[in-house]
Amino acid sequence: MTTLAKAPTPMQKPKNVPPASFNSPIFDELGFPTDPHNLYRQTVGAMLYAAELMGLPHRVQIILAQPKTEIMVHFPVKMDDGHYRLFKGYRVQHNNALGPYKGGLRFHQDVHLDDVKSLAFLMTMKCSLVGVPFGGGKGGVKVDPRKHSNAEMERIVRRFTTAIAHGIGPDYDIPAPDVGSNAQHMAWIADTYSFLADVGGKDPSAVITGKPVEYGGSLGREKATGQGVVDTLVEMLPELGLKPEQCTFSVLGFGNVGSWSGKIFQDKGAKMIAVADHTGFIKNEKGIDAHDLATYVQKKGGVGGYPNATAVSKEEFYKTKVEVFIPAALEQMIQEEEAKWINAIVIAEGANAPTTPGGERILIERGIEVLPAILCNAGGVTVSYFEWVQNKTYQMWDLEHVDRELNKHMVKAASKTRDARRKYNCDLRSAAYIAACERLNQAYAARGIFP
Ligand code: GLU
């Protein structure tokens, strides 16, 4: 292997670090896919490594290694030109030991079962770590929303809701937005569900979160994941001898999470100098205004062609020297090659599972700190919990209250993660899983397994 550049301020390398390809006996016991590149194997493997380190009982390990329920549906929808298309949708309910299943709905052309299972698993871990009374779930439709008119999307979303309506509910499984879905989609889901569900005359709109503020949504929900990313950074940067105003940063993916992380981190004094999405890679060492770029992306659909920056290659984007690198796009985007290129002190995972185990191993060797997704991007589901509480108790919180409560949850989750890192002398991802699994283990110890 070539000698890799060290990060400018290396973190202390922990004693216990997961190998590039972890092999748990649970994989064979449960018949996991054998391909080491399989996302589900990689995602659950990171938890099983942590579980071994902390001595999590075998019965809890096997429960957490598989989802409880996997719903798969096919449904026809009439297109604007009169022909019908068949769509495939999913809802995976991973675990409800701590409360109702909770997690987003992804509308993307590449959505597949392994993907949804991995994301549902991550929700169980995230909700446990951030201290909300929810389990984990995830769903989605294999569809490219960019290729459909508003009217077609409305029919797809309402028909999908009809197909899964018997499996969700305000006290059972509460979806939310994810990649490709937005507040308008959530409003159609809440409206369709209200029409279908018989919940004894009660308002069932708490069946979904991330709704528009005008229809039961919470102030601060739209920016919540980005706000949580920045809250985590503010909490963790001092350990690395940094303050936000001393940081330059780059962002991979400029949708909801990337753009809000960029805007909020910039407002704290940091300078964004490189951005990438599906339309291109751009850079400006003098700074790219995150607010202005977000407005441009809303109009043009991507960062490509942004006039106040220069188009660069993928390699140059990754190699740009920054203090903070924020992946906020899809899974498995930081593999071995990208991990060798990244020239940052800390990676703040806004996306779910953006770093592969092989990539992470290289980042750790190079002394680059990774703030793991289940900690760093838990702001979205935390404010979803606040929305659900407001719906159920007929309250409306002001933005200051939402932000203050969110910050409390993020600070506490960061501190539990730090404590576990110290206790087990491990990397932050394993520490976050240990903290999450400790709460789940306590719940199983109290509940038992019946019958
Ligand atoms: N989709 C988001 C996530 O991955 C939010 C889920 C929610 O609000 O329930 O965390």
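Overview of the structure.

Looking now at the packing of helix α3 (residues 58-65) against helix α16 (residues 428-447). Between α3 and α16, whose axes approach to 11 Å, the crossing angle comes to 110°. As far as their axial angle goes, α16 and α3 are roughly perpendicular. As for the relative orientation of α3 and α16, their crossing is right-handed in sense. Listed contacts from α16 to Val60, Ile63 and Leu64 of α3 are Cys437, Leu440, Asn441 and Tyr444. Across the contact of α3 with α16, the residue classes tally to six nonpolar, one polar and no charged.

At their nearest, the axes of helix α15 (residues 399-424) and α16 sit 8 Å apart, and the two run at 110° to each other. Taken as axis vectors, α15 and α16 run roughly perpendicular relative to one another. Facing Lys416, Thr417, Ala420, Arg421, Lys423 and Tyr424 of α15, the residues of α16 in contact are Leu428, Ala431, Ala432, Ile434, Ala435 and Glu438. In the contact of α15 with α16, the residues fall into seven nonpolar, one polar and four charged.

Let us now look at helix α9 (residues 290-300). Looking at α9, one finds that the buried residues are Ala290, Leu293, Ala294, Tyr296 and Val297. The arc that holds the buried residues of α9, viewed along the axis, is 160°, so those residues lie on one side. Turned more than 90 degrees away from the buried face of α9, the exposed residues are Gln298 and Lys299. In this fold, the buried residues of α9 make contact with α8 (256-267), β7 (271-277) and β8 (280-283). The first or second residue beyond α9 is Gly301, which carries a positive phi of 90°.

With that out of the way, let us pick up the side chain of Ser128. Looking at the element boundaries, Ser128 is found in helix α4 (residues 113-129). Ser128 sits in the buried class, given a relative accessible area of 0%. At a separation of 2.7 Å, a polar atom in the side chain of Ser128 contacts the main-chain carbonyl oxygen of Ala436. Leave out the neighbours within four places in its chain, and Ser128 touches Leu98, Lys416, Ala436, Arg439 and Leu440.

Moving on: α3. Every buried residue belonging to α3 is among Val60, Gln61, Leu64 and Ala65, and all of these are buried. For α3, the angular spread of the buried residues around the axis is 130°, confining them to a single face. Of the surrounding elements, those touching the buried residues of α3 are α1 (25-29), α2 (39-54), β2 (84-95), α4 and α16.

Attention now moves to the pattern of salt bridges. Scanning the entire structure with this criterion turns up 26 salt bridges. A salt bridge links Asp419 to Arg422; the nearest nitrogen and oxygen atoms lie 3.4 Å apart. One end of the pair, Asp419, and the other, Arg422, are both in helix α15, three residues apart, so they sit about a helical turn from each other. Through salt bridges with shared partners, one network takes in Glu235, Glu239, Glu369, Arg418 and Arg421.

Neighbouring the ligand are 14 residues, the closest being Lys102, Lys126, Pro177, Asp178 and Ser384. In the model, an oxygen atom of the ligand is placed 2.9 Å from a nitrogen or oxygen of the Lys138 side chain. Taking Pro177, its main chain carries an N or O atom lying 2.9 Å from a nitrogen atom of the ligand. Contributing elements (two or more residues each) for the shell around the ligand: β3 (101-108), α4, β5 (173-177) and α14 (379-393). For the shell around the ligand, the residue count by class is four nonpolar, five polar and five charged.

The strand order β9-β8-β7-β6-β10-β11-β12 describes an open sheet built from seven strands, whose pairing is mixed. Each end of this open sheet is capped by a strand with a single partner; those strands are β9 (310-311) and β12 (369-371). Alignment of strand β10 (residues 324-327) against strand β11 (residues 346-348), held across two bridges, turns out to be parallel. Residue Phe325 lies in a different strand from β11, and its bridge partner there is Ile347.

Basis of the calculations
- Residues numbered from 1 in each chain as written.
- Predicted model: local features only at pLDDT ≥ 70, side-chain atom pairs only at ≥ 80, totals over all residues.
- Heavy atoms only, no water.
- Axes fitted to C-alpha atoms, helices over the stretch in contact; angles between N-to-C directions.
- Helix = DSSP H or I, 4+ residues; strand = E, 2+ residues; numbered from the N terminus.
- Parallel < 35°, antiparallel > 145°, perpendicular 65-115°, else oblique.
- Left-handed = near helix turned anticlockwise from the far one by under 90°.
- Contact = heavy atoms within 4.5 Å.
- Nonpolar A, V, L, I, M, F, W, Y, C, P; charged D, E, K, R; others polar.
- Buried < 20%, exposed > 50% of the residue type's maximum accessible area, 1.4 Å probe, protein only.
- Arc of directions from axis to C-beta.
- Polar contact = N/O pair within 3.5 Å; in protein donor to acceptor, adjacent residues only side chain to side chain.
- Salt bridge = Lys/Arg side-chain N within 4 Å of Asp/Glu carboxyl O.
- Near = heavy atom within 4 Å.
- Pairing = 2+ DSSP bridges.

That is the geometry; function is a separate question.
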